[in-house]
Each structure stands twice: as structure tokens, then as C-alpha cells.
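Examining the three-dimensional arrangement
What follows is the residue order along each chain.
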Amino acid sequence: MNCFLENCAKSCSDSYSLKIYQEAFEDENISIKESLEILKDSFSDFKYKIFSDKIEIIYEKCSCDLVRENLIKSSRICMCSELSLKYNWENIFGENNVEINRMSSVLEGDETCIFEVRLKQLGHIT
């Protein structure tokens, strides 16, 4: 299952979101917060919170096209979203420099989807 979801996540990212992430982080002279603001302006349901030890990415509804098109209802697809985020962030900050954890999911009955992002560059990972 993980191999399938990894391929699904990569394909999803490659089809759209990765390019947006690359554009948001291409200028090394702007802060993480400024890059996150670009992402917020680019994705209609993207919100974030910055903490000293992590960044939270928040969606009020599921952003997966397969869920929005009513093709999948299982929360197992949330692993694909988690892997897609990891793929996007690792593309910017490098492999093994990013940790992504799903904290909540609307498909599991939560009010929002929240993903925790930890970056080695910011000292979140030792």
C-alpha cells in the first residue's frame, strides 16, 4: 500500500503543487513566513501557524482531488496527502531534512486537516 501511496503522492505533487512550492521558496532572501504567505495566496484553503519547534499546515476541507470527486472516502488516502507534503518540502529542503506528521483529518471526523512540518534548517530536527 505504501508504494502505491508514494507513487500517488509524487504524481499528485508533480502535476501541480510542487511547482507552486518551488516558486514560493525560490528566492532564498525571503523568510519561511514570506514563502508560506505565497503558498497561502496560491492555494485557496491553505493556512499555517509557525511555532518555535514546528510549522502547522491547516486545511479546513480535504484537498485531495480523489476525495473531492467522491472517488475515495477512506481516511487511508490521508497518508498520500502526508507523503505529498513531504515530497514538496523535501524537494525544497532536501531529503532527510523534513519530517511531516498528520495531526488531524476531516476524513477521520476532525474539523480540519492539520499537518505538522519540522525542518532541520530551522532546528526542528536534530
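Residues numbered from 1 in each chain as written. Predicted model: local features only at pLDDT ≥ 70, side-chain atom pairs only at ≥ 80, totals over all residues. Heavy atoms only, no water.

Things to note about empty space enclosed by the protein
Tallied over the entire structure, the rule returns one cavity of 30 Å³ or more. Among the secondary structure elements, those contributing two or more residues to the lining of the largest cavity are α4 (78-93) and β4 (113-119). Looking at side-chain class alone, the lining of the largest cavity contains five nonpolar, two polar and no charged residues. (1 Å grid on protein atoms, 1.4 Å probe; cavity = no way out; pocket = protein on both sides within 12 Å on 5 of 7 lines; lining within 4 Å. Points joined across faces, edges and corners; volume = space filled by probe spheres on them. Helix = DSSP H or I, 4+ residues; strand = E, 2+ residues; numbered from the N terminus. Nonpolar A, V, L, I, M, F, W, Y, C, P; charged D, E, K, R; others polar.)

Description of the layout of surface pockets
By volume, the largest pocket is sized at about 630 Å³. Forming the walls of the largest pocket are 25 residues, and the residues nearest its centre are C12, S17, S63, C64 and D65. For the lining of the largest pocket, the element with the highest residue contribution is helix α1 (residues 2-25), accounting for six residues. Among the residues forming the lining of the largest pocket, the class breakdown is 13 nonpolar, eight polar and four charged. For the second largest pocket, the calculated volume is near 190 Å³. Lining the second largest pocket are E6, N7, A9, K10, L83, K86, Y87 and E90. When residues of the lining of the second largest pocket are traced back to their parent elements, those giving at least two are α1 and α4. Class assignment for the residues of the lining of the second largest pocket results in three nonpolar, one polar and four charged.

Comments concerning the confidence of the model for the protein
Confidence along the protein averages 92 in pLDDT terms, with 98% of residues attaining 70 or more. Averaged pLDDT values for the elements of the protein fall to 86 in helix α3 (residues 65-68) and rise to 97 in strand β2 (residues 55-59). (pLDDT = per-residue confidence, 0-100.)

A short note on the pairing of β4
Most of β4 sits out of view: seven of its seven residues are buried. Of the two faces of β4, the one holding C113, F115, V117 and L119 and the one holding I114, E116 and R118 are both buried throughout. Alignment of β2 against β4, held across five bridges, turns out to be antiparallel. Of the residues in β4, the one forming a bridge with E56 is E116. Sheet analysis places strand β3 (residues 98-104) next to β4, joined by six bridges and oriented antiparallel. Paired with R102 across the bridge in β4 is F115. (Buried < 20%, exposed > 50% of the residue type's maximum accessible area, 1.4 Å probe, protein only. Pairing = 2+ DSSP bridges.)

Quick look at the environment of L85
Mapped onto the elements, L85 comes out in helix α4. Judged by its relative accessible area of 5%, L85 is buried. For the pair L85 and S17, spaced 68 residues apart in sequence, the C-alpha to C-alpha distance is 9.0 Å. Ignoring any residue separated from it by four or fewer positions in sequence, one finds L85 in contact with Y21, Y59, I100 and F115. (Contact = heavy atoms within 4.5 Å.)

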